[in-house]
Amino acid sequence: MTDLNAAPEPAHPTAGTRQVPDRVSLDGVEERWNAAWTAQDLYGFDRTKTREQVYSIDTPPPTVSGSLHVGHVFSYTHTDVVARYRRMQGAEVFYPMGWDDNGLPTERRVQNYFGVRCDPSLPYEPDFTPPFEGGDNKSSKAGDQVPISRRNFVELCERLTVDDERQFETLWRRLGLSVDWSKTYQTISGDARAVAQQAFLRNLARGEAYQAEAPGLWDVTFQTAVAQAELEARDYPGAYHRVAFHGVGGTKVYIETTRPELLPACVALIAHPDDERYQHLFGTTVTSPLFGVEVPVLAHPGAERDKGAGIAMCCTFGDLTDVQWWRELQLPTRSVIGRNGRLLSETPDWLSTDAGQALYGELAGKTTFSARELVVAGLRESGDLDGEPVKTQRKANFYEKGDKPLEIVTSRQWYIRNGGRDAALRDELLARGAELDFHPEFMAVRYENWVGGLNGDWLISRQRFFGVPFPVWYPLDADGEPDHENPIVASEDQLPIDPSSDVPVGYTADQRGVPGGFVADPDIMDTWATSSLTPQIAGGWRSDPDLFERVFPMNLRPQGQDIIRTWLFSTVVRSHQEHGCLPWSDAAISGWILDPDRKKMSKSKGNVVTPMDLLVEHGSDAVRYWAASARLGTDAAFEVGQMKIGRRLAIKVLNASKFALSFGTVELDPALVTVPLDRAMLAGLADVVDRATASLEAYDHTRALELSETFFWTFCDDYLELVKDRAYGEGAGADSARAALGIALDTLLRLFAPVLPFATEEVWSWWREGSVHRAAWPVAEPLRAAAADASPTVVSAAGAALAALRKVKSEAKVSMRTEILAVTLDVPAALRGDVELALDDVRSAGRATGTLDLATSDGESVVARDASLGEPVTRG
RNA sequence: GGGCCUGUAGCUCAGCUGGUCAGAGCGCCGCGCUUACACCGCGGAGGUCGCCGGUUCGAAACCGGCCGGGCCCACCA
């Protein structure tokens with residue numbers, strides 16, 4: 001026989017060597033085929049292939065301590081469809097899976113689960129046993145937690161996340177992700193830590209990483225600095241307080257503030273340089289109420305005349321505008337808010353009046369909330385509060401995981417240059433973004449907007465304990481003060497290191513913390529500082545350069561649109577700096593899953609279906625179908641009812657296949673296809689193959705699926721019915737039908753394989769060798785050759801004629817088996833030729849055993865009239 | 001305030017660069033156990049394509065405005 005597809009696979013002998021089951025079913029296909037695929041290592045990566053032969057995917061590592069939801073299933077299915085398609089196109093697909101166990105969610109979970117907390121100053125205890133296991137989110141308070149070393153903490157994390165990872169892997173396998181499960185990584189693993197540290201050291205050596213002491217956004221709950229990308233503006237209730245400052249000669253200058261507790265931190269009053277109302281005050285000083293501190297009245301264009309009183313109290317620091325004024329007007333620093341969000345306990349020395357010092361004594365150690373009440377009470381008493389506070393709803397910056405507004409605290413932090421302070425670098429990164437193919441394209445705008453709007457470099461240090469530590473120490477001078485300007489860096493071959501327990505070369509352990517000795521950098525890297533290196537971690541940049549060369553730069557980054565500003569951008573930054581190229585050529589952005597109320601699905605709403613239940617109840621192919629039906633970048637509403645569509649399709653694939661394979665040996669020889677209807681069907685299929693392929697090349701899996709599916713339903717409902725009797729018969733007509741059925745089935749299974757991996761593999765196993773998932777993607781040319789010059793419209797015309805006959809019976813409320821003794825079909829002129837070509841098949845499918853007259857009509861559809869019906873008949 | 005996406009049958013969505021586009025599936029109604037399939041098949045009823053203007057011979061599709069939904073950024077006096 002002629003092999004239908006010019007495939008790299010060996011020409012398979014005529015099939016039929018296996019059994020088509022008497023009853024087909026989807027039951028158990030997931031278990032059966034997953035076991036088979038694992039046993040065959042079907043998705044194993046062949047690392048002998050070169051970069052040109054490889055299609056590599058930078059899979060998003062799910063946060064293991066997070067919960068699974070249908071959104072995961074949704075977006076990971078999109079990626080798997082791409083992976084399976086590329087594999088069938090002959091690419092060697094590099095499709096690893098990572099687990100993100102870095103960051104606060106894991107840190108909190110380990111704390112609560114084991115009742116411990118990380119204290120990097122402690123030594124490692126090899127035989128440590130946690131106080132308990134299995135605590136829930138509320139069971140352990142900070143005070144009850146046993147402090148342990150970072151290394152012990154990481155070990156507990158690894159222990160805990162093993163379960164999470166197993167759960168994810170089970171789900172992913174059930175879903176049918178064609179991941180190479182030997183290629184998994186964890187972001188807290190030694191190799192990942194080493195990659196993160198090595199990349200950082202190189203950034204440092206090239207001057208891309210630097211430290212600075214500066215005011216920055218600070219979360220008082222987690223007591224850590226926060227990066228711009230982690231901000232979230234939320235509504236926050238506040239109140240305007242109209243407060244009097246005292247000018248010369250007892251005049252009062254009113255400002256409005258929502259943060260009266262910052263009054264002791266006031267360093268100036270500021271108005272717009274052109275504001276007539278305040279011209280006379282510029283250059284003079286005023287005295288703050290209650291605290292009696294003399295501050296200048298200054299002009300700055302950043303002041304807005306129509307905001308509040310038009311003149312603002314500048315404090316160090318109430319907001320980012322304060323920071324700007326402080327920097328540009330070179331104002332003194334008078335901080336009163338501590339890292340815990342409470343007012344500093346020591347009375348500041350700039351408070352010189354007795355009353356001011358006494359009042360501050362009461363404020364010391366208070367939360368901003370309590371301090372505000374005290375200050376307002378004082379202002380009211382002194383008569384410096386004009387009227388009552390006016391409630392307002394304002395936006396405040398929050399850490400995305402925090403629940404208190406961010407404060408601004410001065411601290412020493414590590415930064416990586418990302419173009420936020422450097423136009424040349426920003427332009428380079430914008431150019432990288434333009435080079436990247438976003439799917440859908442409009443997502444590129446989000447990248448441009450974000451990069452264009454950066455207002456500072458990337459803050460990568462966090463004052464947390466669990467994570468990748470900075471691989472640096474600082475020499476201590478004779479007074480025991482660290483020399484931050486001259487860090488001692490680890491060498492690359494030492495990595496990974498933990499500076500809190502490892503000792504820098506040239507020092508001994510007992511020199512830690514003593515004058516003349518050294519001290520570890522206490523901070524850890526932000527989780528994105530590690531995640532931004534997933535291509536390097538998964539690809540073996542540090543540990544396996546040979547592999548890295550074969551997979552990097554990668555082909556695809558799949559991810560959600562919400563983390564374009566974080567994960568996508570930071571990965572581009574790192575790759576640009578380290579490798580001078582994009583980390584991947586394409587980015588596929590999946591949408592959100594919304595619940596039926598059009599809200600983003602969240603577990604708190606209690607309406608979340610667990611993904612595993614969904615897979616078990618409806619079958620993986622059905623859920624995959626649902627996911628694949630949503631275009632990239634488009635949000636999709638979750639509706640359980642939609643699951644049955646894919647299930648119906650998968651079952652239909654089984655049943656139609658059973659029929660197509662029910663005639664004994666399946667001959668795939670195109671030369672046997674001689675009947676016009678059969679050729680027409682193949683002509684239509686050829687078009688579908690071309691269009692579906694083009695769609696997949698353009699990352700439009702939805703269109704590809706829709707094309708195949710539409711063809712397939714017509715194939716089942718019309719074509720199969722039309723050829724059924726002929727196929728059951730004998731002779732050239734039967735041979736033609738059977739060969740066409742076999743060829744179509746062969747093609748359709750391949751077309752559906754990326755979306756319905758289980759059903760297609762099940763059918764494939766009935767009659768073919770090997771796996772459909774390693775079979776070649778279909779090509780149109782052989783189909784078109786077999787179709788000769790047949791027009792696809794013969795199938796639709798014959799289908800329309802058949803439908804007209806069916807309608808007669810439906811309206812007569814009789815069985816479809818009912819014989820038609822006589823009927824006239826009014827056929828539009830344009831269809832007449834096509835109908836005539838398939839008339840015998842129409843006749844037999846419609847049981848039109850008697851006279852069937854064709855009349856040319858000028859209508860648009862085929863209509864049956866003057867029918868006389870007989871009795872139900874049985875075929876065969 | 002700026003930007004991106006979005007508003008088509010009860011529901012979920014297709015409608016590609018303006019001219020069989022008014023569609024599919026689910027749901028609903030009616031009929032039918034038909035040797036692939038009752039986890040089914042066949043037939044049918046459902047929409048002034050958010051609203052108002054404009055461009056055009058012609059708009060669901062293009063332009064402008066408005067209204068509604070989602071997301072991102074900016075806005076803390």
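What counts and what doesn't
Throughout this description, residue numbers start from 1 for each chain and increase along the sequence as written. Labels follow written order: the first chain is A, the first ligand is 1, and so on. Only residues with pLDDT of 70 or above have their local features reported here, since the model is predicted, and side-chain atom pairs are shown and tallied only from 80 upward, although totals for entire chains, interfaces and linings are computed over all residues. Calculation of side-chain values draws on the structure's entire complement of heavy atoms; hydrogens and water are dropped beforehand. UniProt positions are given in the numbering used here, feature names are shortened, and annotations may be inferred rather than shown by experiment. Going along the chain from the N terminus, every DSSP run of H or I of four or more residues is numbered as a helix, and every run of E of two or more is numbered as a strand. Contact between two residues is taken to exist if any of their heavy atoms lie within 4.5 Å; hydrogens are not considered. Note on areas: Shrake-Rupley with a 1.4 Å probe; residue coverage comes only from the protein chains shown. We treat Lys and Arg as the positive residues and Asp and Glu as the negative residues; His and chain ends play no part in the count. We put the charge of a Lys on NZ, of an Arg on CZ, of an Asp on CG and of a Glu on CD. In this description, strands pair whenever DSSP reports at least two bridges between them. Only protein chains enter the accessibility calculation, which uses a 1.4 Å probe; a residue is then buried when its area is under 20% of its type maximum, exposed when over 50%, and partly exposed in between. The predictor attaches a confidence to each residue, and that confidence, scored 0 to 100, is pLDDT. Pairing of N or O atoms within 3.5 Å defines a polar contact, subject to two protein rules: one partner must be a possible hydrogen donor and the other a possible acceptor, and residues neighboring in sequence count only if both atoms are side-chain atoms.

- Looking at an unreviewed UniProt entry, one finds chain A named Valine--tRNA ligase and attributed to Cellulomonas rhizosphaerae.
- Here chain A is described in UniProt, under the heading Subcellular location (unreviewed entry), as follows: "Cytoplasm".
- One UniProt comment on chain A, placed under Sequence similarities (unreviewed entry), says "Belongs to the class-I aminoacyl-tRNA synthetase family. ValS type 2 subfamily."

**Describing the overall build of chain A**
Piece 1. Looking only at helices and strands, chain A features 25 helices and 30 strands.
Piece 2. Dimensions of chain A, computed from the C-alpha atoms along their principal axes, are close to 115 × 65 × 50 Å.
Piece 3. Within chain A, residue pairs in contact and separated by at least 24 positions form 79% of the contacts whose partners lie at least 6 positions apart.
Piece 4. As displayed, chain A has an accessible area near 36100 Å², and 50% of this comes from carbon and sulfur atoms.
Piece 5. A distance of 4 Å separates the average location of the 89 positive side-chain charges in chain A from that of its 125 negative side-chain charges.

**Comments concerning the sheet that holds strand 22 (residues 518-520)**
For sheets, the rule is that strands pair by backbone hydrogen bonds, running either parallel or antiparallel.
Piece 1. Reading across the sheet, the three strands line up as 21-20-22 and stay open at both edges, with antiparallel pairing between neighbours. A single partner strand is all that each edge strand has here, and the edge strands are strand 21 (488-489) and strand 22.
Piece 2. As paired elements, strand 20 (residues 472-475) and strand 22 share three bridges and run antiparallel to each other. The residue of strand 22 that forms the bridge with Tyr474 is Val519.

**A word on the pairing of strand 7 (residues 209-219)**
Piece 1. The element strand 7 is largely enclosed, with a buried count of nine among its eleven residues.
Piece 2. As paired elements, strand 7 and strand 16 (residues 407-416) share ten bridges and run antiparallel to each other. Of the residues in strand 16, the one forming a bridge with Tyr210 is Tyr415.
Piece 3. For strand 7 and strand 8 (residues 224-225), the ladder comprises two bridges, and the chain directions are antiparallel. Along strand 8, the bridge assignment pairs Asp219 with Thr224.
Piece 4. Between the antiparallel neighbours strand 7 and strand 8 lie four residues, among them Gln223 with a positive phi of about 50°.

**With respect to the confidence of the model for chain A**
Piece 1. With 95% of its residues at a pLDDT of at least 70, chain A reaches an overall mean of 90.
Piece 2. The low-confidence segment residues 1-16 (pLDDT under 50) makes 35 contacts with residues lying over four places distant or belonging to another chain.
Piece 3. The ipTM assigned to the predicted complex is 0.94, against a pTM of 0.90.

**Details of the environment of Met643**
Piece 1. As for its placement among the helices and strands, Met643 is situated in helix 17 (residues 643-660).
Piece 2. Here Met643 falls in the buried class, since its relative accessible area comes to 0%.
Piece 3. Considered as a pair, Met643 and Asp621 are 22 residues apart in the sequence and their alpha carbons are 9.3 Å apart.
Piece 4. When neighbours within four sequence positions are excluded, Met643 is seen to be in contact with Leu614, His618, Ala622, Val623, Trp626 and Phe638.

**Quick notes on the side chain of Gln577**
Piece 1. When you line up the elements, Gln577 lands in helix 14 (residues 564-579).
Piece 2. Gln577 sits in the buried class, given a relative accessible area of 10%.
Piece 3. Of the polar contacts made by the side chain of Gln577, one reaches the backbone oxygen of Arg417; its length is 2.9 Å.
Piece 4. Each residue touching Gln577, except ones within four places of it in the same chain, is listed here: Asn203, Arg206, Glu208, Ile416 and Arg417.

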